[in-house]
Amino acid sequence: MKKSGPPGTYEIIWETVRLIPRGRVASYGQVAVEAGLPGQARLVGYALHALPPSSGVPWHRVINSQGKISFPPGSPAYSRQRLLLQREGIVLEDGKIDMKRYGWLRKMHIR
DNA sequence: AACGTGACAAGGC
DNA sequence: AGCCTTGCCACGT
């Protein structure tokens, strides 16, 4: 929050998140890679946390590598994100999102 | 200026 | 599948 972080690190992450199409999701790790910051998934979470309200950035389309919402289940934030996702047609099955079906670029979930 | 923390991730057990 | 450890790096104390 507040403070113009380092010259552009957050902005770069935010802009990358803006690229995620409606109805799709991406993991923190993938956003980091797409933003040119490989291995810095944690920084993505920090940047989203610092996201100003009404920014228009689709933060809810970012979930963790397990296909889950990275908020404590049952918490207000969890419900908020789940609602926003459902409004885009993204349904959680057993608390998880099918990356194969909703994953952005589908580069994720390699194994 | 050091230290602990966090909307993560991957690897070991 | 679950828990712990390590790597990462910007932030607030």
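Residues numbered from 1 in each chain as written. Chains lettered and ligands numbered in written order. Predicted model: local features only at pLDDT ≥ 70, side-chain atom pairs only at ≥ 80, totals over all residues. Heavy atoms only, no water.

**Observations concerning the environment of D94**
When you line up the elements, D94 lands in the loop between α4 (76–86) and α5 (99–102). Expressed as a C-alpha distance, the spacing of D94 and K68, which sit 26 residues apart in the sequence, is 9.5 Å. (Helix = DSSP H or I, 4+ residues; strand = E, 2+ residues; numbered from the N terminus.)

**Let's talk about the packing of helix α1 (residues 9–18) against helix α3 (residues 41–49)**
Running from N to C, α1 and α3 cross one another at 90°; their axes reach a closest spacing of 9 Å. Viewed along their axes, α1 and α3 adopt a mutual orientation that is roughly perpendicular. Here T9, Y10, I13, W14 and V17 of α1 lie close against α3, whose contacting residues are L43, V44, Y46, A47 and L48. Split into classes, the residues belonging to the contact of α1 with α3 amount to nine nonpolar, one polar and no charged. (Axes fitted to C-alpha atoms, helices over the stretch in contact; angles between N-to-C directions. Parallel < 35°, antiparallel > 145°, perpendicular 65-115°, else oblique. Contact = heavy atoms within 4.5 Å. Nonpolar A, V, L, I, M, F, W, Y, C, P; charged D, E, K, R; others polar.)

**Focus: the packing of aromatic side chains**
All told, the structure shown has one aromatic pair when counted by the stated rule. Relative to W14, the ring of Y10 has its centre 5.9 Å away and its plane inclined at 40°; by these criteria the two rings are tilted. Of this pair, Y10 and W14 both sit in helix α1, four residues apart, which is roughly one turn of that helix. When its relative accessible area of 15% is taken as the criterion, Y10 is described as buried. (Phe/Tyr/Trp six-rings, centres within 6.5 Å; stacked < 30°, edge-to-face > 60°. Buried < 20%, exposed > 50% of the residue type's maximum accessible area, 1.4 Å probe, protein only.)

**Some points on the protein's contact with DNA strand B**
Around DNA strand B, the structure places 14 residues, and the nearest of them are Y28, R42, W59, N64 and S65. Counting only atoms of DNA strand B within 4 Å of the protein, the sugar-phosphate share comes to 44%. A distance of 3.0 Å is found between a base nitrogen of DNA strand B and a side-chain nitrogen or oxygen belonging to Y28. Among the secondary structure elements, those contributing two or more residues to the surface near DNA strand B are α2 (28–34) and α3. Here the surface near DNA strand B takes six residues from α3, the largest share from any one element. Looking at the surface near DNA strand B residue by residue, the classes come out as six nonpolar, seven polar and one charged. (Near = heavy atom within 4 Å. Polar contact = N/O pair within 3.5 Å; in protein donor to acceptor, adjacent residues only side chain to side chain.)

**Remarks on α1**
Along an α-helix, residues three or four apart share an orientation, since each turn contains 3.6 residues. Three or more residues of α1 are buried, namely T9, Y10, I13, W14, T16 and V17. Seen from one end, α1 has its buried residues packed into an arc of 160°, which puts them on one side. Those residues of α1 hidden inside the fold are in contact with α2, α3 and β2 (62–63). (Arc of directions from axis to C-beta.)

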